[in-house]
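The primary structure of each chain is shown beneath.
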Amino acid sequence: MVNNIIWHESTVSKVDRQRLNEHKSAVLWFTGLSGSGKSTLANMVDAKLYARGVRSYVLDGDNIRHGLNKGLGFSEADRKENIRRIGEVAKLFVDSGQIVLTAFISPFLDDRLTVRHFFHNGEFFEVYVKCPLAECEKRDPKGLYKKARNGEIPNFTGISSPYEEPINPELVIETDQLTIEEAADEIIMFLEKKKLIKR
Ligand SMILES: Nc1ncnc2c1ncn2[C@@H]1O[C@H](COP(=O)(O)OP(=O)(O)OP(=O)(O)O)[C@@H](O)[C@H]1O
Ligand SMILES: [Mg+2]
């Protein structure tokens, strides 16, 4: 009990909701450098799931920072809090019976491990969206690398702040080796293999 706040068990359970949806719920936690393709892939997979009648939702870095996490910056402490809150929101989505796709750089091993522990076995899947820094910088879809190189963005991952590669991710997607379509299909096949969704 925290300050007289007592958990109220919900009447409809996660399992009830999964049964209604006819698929499991889980989080696909996309991590990788800026420009590696997290948002692109999360949205493509989301669209493919939607077409199959699977309830899914994308939590995207920039969008969350516009609302829920407005006011958090990019210092180590703020990045930590950013990821913690996303983890908690992702947990609510899993509880609601959906497949949630999160697209955050989430550069620190420790933070990703903390979030992993929010979930039961078989609910949290780390997807390493792997792409060499040079290729991300060449893509530079938001022009951020250019600004970071000019010293206009402090603590920019890959340039002036570290990216800690996943050690044992459930899935590695090399976006410099695959088309967007191939990469998204690989993720869908993974969901089928894990029996989260039907074939
Ligand atoms: N196989 C691929 N998968 C994903 N994106 C690819 C692939 N090949 C090329 N791209 C391109 O790479 C860019 C990825 O940008 P995207 O915004 O998705 O990155 P991000 O990881 O979400 O970055 P940020 O952390 O800054 O939000 C897009 O311009 C996309 O078209
Ligand atoms: Mg993105």
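The structure this text deals with has already been given above.
So, here's what we can say about the structure. (Residues numbered from 1 in each chain as written. Chains lettered and ligands numbered in written order. Predicted model: local features only at pLDDT ≥ 70, side-chain atom pairs only at ≥ 80, totals over all residues. Heavy atoms only, no water.)

Another aspect to go through is unusual backbone geometry. Phi angles above zero are rare outside glycine, and Asp140 is one such case at about 30°. Assignment of secondary structure puts Asp140 in the loop between helix H6 (133-139) and helix H7 (144-149). (Helix = DSSP H or I, 4+ residues; strand = E, 2+ residues; numbered from the N terminus.)

We now examine the sheet that holds strand E3 (residues 99-103). Strand order in the open sheet formed by 5 strands is E2-E3-E1-E4-E5, with parallel pairing between adjacent strands. Edge strands, defined here as strands with exactly one partner in the open sheet, are strand E2 (56-60) and strand E5 (171-174). Taken over all neighbouring pairs, the strand axes of this sheet differ in orientation by 20° on average, direction set aside. Bridge count for strand E1 (residues 26-31) against strand E4 (residues 124-130) is 5 bridges, and the pairing is parallel. By the bridge assignment for E4, Thr31 is matched with Tyr128. Its contacts with the sheet put helix H5 (residues 109-116) on E1 and E4, and the angle it makes with E4 is roughly 150°. Packed on one face of the sheet, helix H8 (residues 180-193) meets E1, E4 and E5 and runs near 165° to E5. (Pairing = 2+ DSSP bridges. Axes fitted to C-alpha atoms, helices over the stretch in contact; angles between N-to-C directions. Contact = heavy atoms within 4.5 Å.)

Contacts to ligand 1 come from 17 residues, most closely from Ser34, Lys38, Thr40, Lys142 and Leu178. Taking Gly35, its main chain carries an N or O atom lying 2.8 Å from an oxygen atom of ligand 1. In the shell around ligand 1, the residues fall into 6 nonpolar, 8 polar and 3 charged. (Near = heavy atom within 4 Å. Polar contact = N/O pair within 3.5 Å; in protein donor to acceptor, adjacent residues only side chain to side chain. Nonpolar A, V, L, I, M, F, W, Y, C, P; charged D, E, K, R; others polar.)

Within the secondary structure, Asp60 sits in strand E2. No salt bridge is formed by the buried Asp60; the nearest opposite charge belongs to Lys142, separated by 5.9 Å. At 2.6 Å, the side chain of Asp60 forms a polar contact with the side chain of Ser39. Once residues within four sequence positions are removed from consideration, Asp60 is found in contact with Ser39, Asn43, Ala103 and Phe104. (Buried < 20%, exposed > 50% of the residue type's maximum accessible area, 1.4 Å probe, protein only. Lys, Arg positive; Asp, Glu negative; His and termini not counted. Salt bridge = Lys/Arg side-chain N within 4 Å of Asp/Glu carboxyl O.)

Moving on to H5. Turning to H5, its buried residues number three or more, namely Asp111, Arg112 and Val115. Down the axis of H5, the buried set is contained in an arc of 100°. They therefore lie on one face. Buried residues in H5 make contact with E1, helix H4 (76-95) and E4. (Arc of directions from axis to C-beta.)

Once that is clear, we can look at the packing of H4 against H5. In contact at an axis separation of 9 Å, H4 and H5 are set at 20° when each is read in the N-to-C sense. Regarding the angle of H4 to H5, the classification is roughly parallel. The crossing of H4 and H5 is right-handed. Across from Arg79, Lys80, Ile83 and Gly87 in H4, the residues of H5 making contact are Asp110, Asp111 and Val115. Looking at the contact of H4 with H5, its residues break down into 2 nonpolar, 1 polar and 4 charged. (Parallel < 35°, antiparallel > 145°, perpendicular 65-115°, else oblique. Left-handed = near helix turned anticlockwise from the far one by under 90°.)

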